Amino acid sequence: MTRTLKGLRWVLFGGYVLAGALALMAATPMGLAVLGQGGASVSFLPATLLGLPWSLPLFILDDGAVAKLAALGICYGLNVGVGLMLARGGD
């Protein structure tokens, strides 16, 4: 049972990293083209949700698309760091 939980932590962490990479790609026109969604509109909402709680001020502030994308990358990076510490905590 303990080994299953340890393996599950890494699977969930990997899923979060993959979901975040896809969300950040959906926030750029080039990323949407790579994903095969060339005609779709750019959306910052998935990346903003994956960057919570650090991305809460971005719901209020509007500094432009480039600043928002940079801030979301930093927020997501912070969450990946915290998630990595939690996943490695039991090893």
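Our subject is the structure listed above.
Colleague: Explain a nonpolar patch on the surface here, please?
Modeller: Nonpolar side chains collect at one region of the surface, where L45, L49, L52, L56, F59, I60 and L61 lie side by side and expose about 700 Å² of accessible area between them. For L49, the location among the structural elements is in helix α3 (residues 45-50). The exposure class of L49 is partly exposed, given its relative accessible area of 46%.

Colleague: Would you mind showing me how to read the nonpolar core here?
Modeller: Generally speaking, a soluble globular protein has its nonpolar side chains buried in company with each other. Grouped together as the largest cluster of nonpolar side chains are six residues: A23, A27, F44, A47, L58 and L72. When neighbours within four sequence positions are excluded, A23 is seen to be in contact with P46, A47 and L50.

Colleague: Help me understand helix α4 (residues 65-88), please; the structure alone is not making it clear to me.
Modeller: Helical geometry note: an α-helix holds 3.6 residues per turn, so side chains three or four residues apart project in the same direction. End to end, α4 covers 34 Å across 24 residues, agreeing with the expected 34 Å (1.5 Å per residue, within 8%). Regarding α4, the residues found buried are L72, C75, Y76, N79, V80, G83 and A87.

Colleague: I keep staring at unusual backbone geometry and nothing clicks. Help me out?
Modeller: Trans peptide bonds make up the majority, and among non-glycine residues the majority have a negative phi. A cis geometry characterises the amide bond from L52 onward to P53, with omega recorded as 5°. Mapped onto the elements of the fold, P53 is located in the loop between α3 and α4.

Colleague: Explain the packing of aromatic side chains here, please?
Modeller: Centre-to-centre distance and the angle between the planes together describe a pair of aromatic rings. All chains considered together, the criterion is met by two aromatic pairs. With a centroid separation of 6.0 Å and an interplanar angle of 90°, the aromatic rings of W10 and F13 are classed as edge-to-face. In this pair, W10 and F13 are both assigned in helix α1 (residues 2-25), three residues apart and thus about one turn of the helix distant. Looking at W10, the relative accessible area reads 33%, which means it is partly exposed.

The rules behind each value
Each chain has its residues counted from 1, following the order in which its sequence is written. Only residues with pLDDT of 70 or above have their local features reported here, since the model is predicted, and side-chain atom pairs are shown and tallied only from 80 upward, although totals for entire chains, interfaces and linings are computed over all residues. Only hydrogens and water are removed before side-chain values are computed, so all heavy atoms of the structure are retained for them. Exposure above 30% relative accessible area and the lack of any salt bridge qualify a residue for a patch; like charges then connect within 9 Å, and the nonpolar side chains Val, Leu, Ile, Met, Phe, Trp and Tyr within 5 Å. Note on areas: Shrake-Rupley with a 1.4 Å probe; residue coverage comes only from the protein chains shown. Salt bridge, as used here, is a side-chain nitrogen of Lys or Arg placed within 4 Å of a carboxyl oxygen of Asp or Glu. Here a strand is any run of E in DSSP of at least two residues, a helix any run of H or I of at least four, and the numbering for each starts at the N terminus. Relative accessibility under 20% of the residue-type maximum defines a buried residue, over 50% an exposed one, and the middle range a partly exposed one, all with a 1.4 Å probe and only protein chains included. By convention a nonpolar core is built from buried Ala, Val, Leu, Ile, Met, Phe, Trp, Tyr and Cys residues, the set being connected through side-chain atoms within 4.5 Å. Here a residue-residue contact requires only that any non-hydrogen atoms of the pair lie within 4.5 Å. The length a helix should cover is 1.5 Å for every residue beyond the first. Only rings of Phe, Tyr and Trp enter the pairing, Trp through its six-membered ring, and a pair is recorded when the two centres are within 6.5 Å. The plane angle decides the type: under 30 degrees is stacked, over 60 is edge-to-face, the rest tilted.

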